Amino acid sequence: MKIAVSHGLGHARELIEGIKAGKAHYHFVEVMTCPGGCIGGAGQPRLTTNELRTKRIQAIYAEDEGKVLRKSHDNPKIKQIYGEFLKFPLGEKSHHLLHTRYTARERI
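Just so it is clear, the model here is predicted, and its values are computed rather than measured.

K.L.:
Explain a nonpolar patch on the surface to me, and be specific about the residues and the numbers.
P.N.:
A contiguous nonpolar patch, built from Ile78, Ile81, Phe85, Leu97 and Leu98 and spanning about 450 Å² of accessible area, is present on the exposed surface. Counting only elements with at least two residues in the nonpolar patch, the list comes to α3 (76-86) and α4 (92-98). Broken down by element, the residue count for the nonpolar patch peaks at 3 residues, all from α3. Within the fold, Ile81 resides in helix α3.

K.L.:
An account of the pairing of strand β1 (residues 3-7) is requested, with residue identities and associated values reported.
P.N.:
For a regular strand, the rule is simple: side chains alternate between the two faces of the sheet. Going residue by residue along β1, you find Ala4 and Ser6 tucked away on one face and Ile3, Val5 and His7 left uncovered on the opposite face. When β1 meets strand β2 (residues 28-32), the two strands line up parallel, connected through 5 bridges. Bridge pairing in β2 places Ala4 opposite Val29. Crossover β1 to β2 through helix α1 (residues 9-20) is right-handed.

K.L.:
Report on the environment of Ser94, specifying residues and quantitative values.
P.N.:
Tracing the backbone shows Ser94 in helix α4. Residue class for Ser94 comes out buried when judged on its relative accessible area of 1%. Residues Ser94 and Glu65, spaced 29 residues apart in sequence, show a C-alpha to C-alpha distance of 29 Å. Sequence-distant contacts of Ser94, that is, excluding residues within four places in its chain, are made with Tyr82, Leu86, Phe88, Pro89 and His99. Polar side-chain contacts of Ser94 include one of 3.5 Å to the backbone oxygen of Phe88.

K.L.:
Any chance you could break down the pattern of salt bridges for me, citing the residues and the numbers?
P.N.:
As enumerated under the stated definition, the model contains 3 salt bridges in all. Glu51 serves as the salt-bridge partner of Lys55, at 3.5 Å between the closest nitrogen and oxygen. Of the two residues, Lys55 and Glu51 are both situated in helix α2 (residues 50-65); the distance of 4 residues between them amounts to about one turn of the helix.

Analysis parameters
- Residues numbered from 1 in each chain as written.
- Predicted model: local features only at pLDDT ≥ 70, side-chain atom pairs only at ≥ 80, totals over all residues.
- Heavy atoms only, no water.
- Patch = residues over 30% accessible without salt bridge, like charges linked within 9 Å, V, L, I, M, F, W, Y side chains within 5 Å.
- Areas by Shrake-Rupley, 256 points an atom, 1.4 Å probe, with all protein chains shown as cover.
- Salt bridge = Lys/Arg side-chain N within 4 Å of Asp/Glu carboxyl O.
- Helix = DSSP H or I, 4+ residues; strand = E, 2+ residues; numbered from the N terminus.
- Buried < 20%, exposed > 50% of the residue type's maximum accessible area, 1.4 Å probe, protein only.
- Pairing = 2+ DSSP bridges.
- Right-handed = clockwise from strand over helix to strand, strands pointing away.
- Contact = heavy atoms within 4.5 Å.
- Polar contact = N/O pair within 3.5 Å; in protein donor to acceptor, adjacent residues only side chain to side chain.

What follows is the structure, encoded as structure tokens:
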């Protein structure tokens, strides 16, 4: 599976133009408009520089790498839920309970 992740509108434009031009094919594309992705997004302190973004990214990776359990599908509780209730990933029950649908809403 080929996945593309882009952050910042300039990068997003380049990615989308490349896809439209047939230069690349992806099964999934994620676009984050904030520079640096969510690490530099609206929930972060206002004065963000590339140096601060880099330090935040390094801290998050260090925190993640220090965890014993890093992947949700390896979580014993998730395995138990599937084993006892949902039965298997992408099954009818898990799809019905864990997936959402987009519903267009009228702007107020």
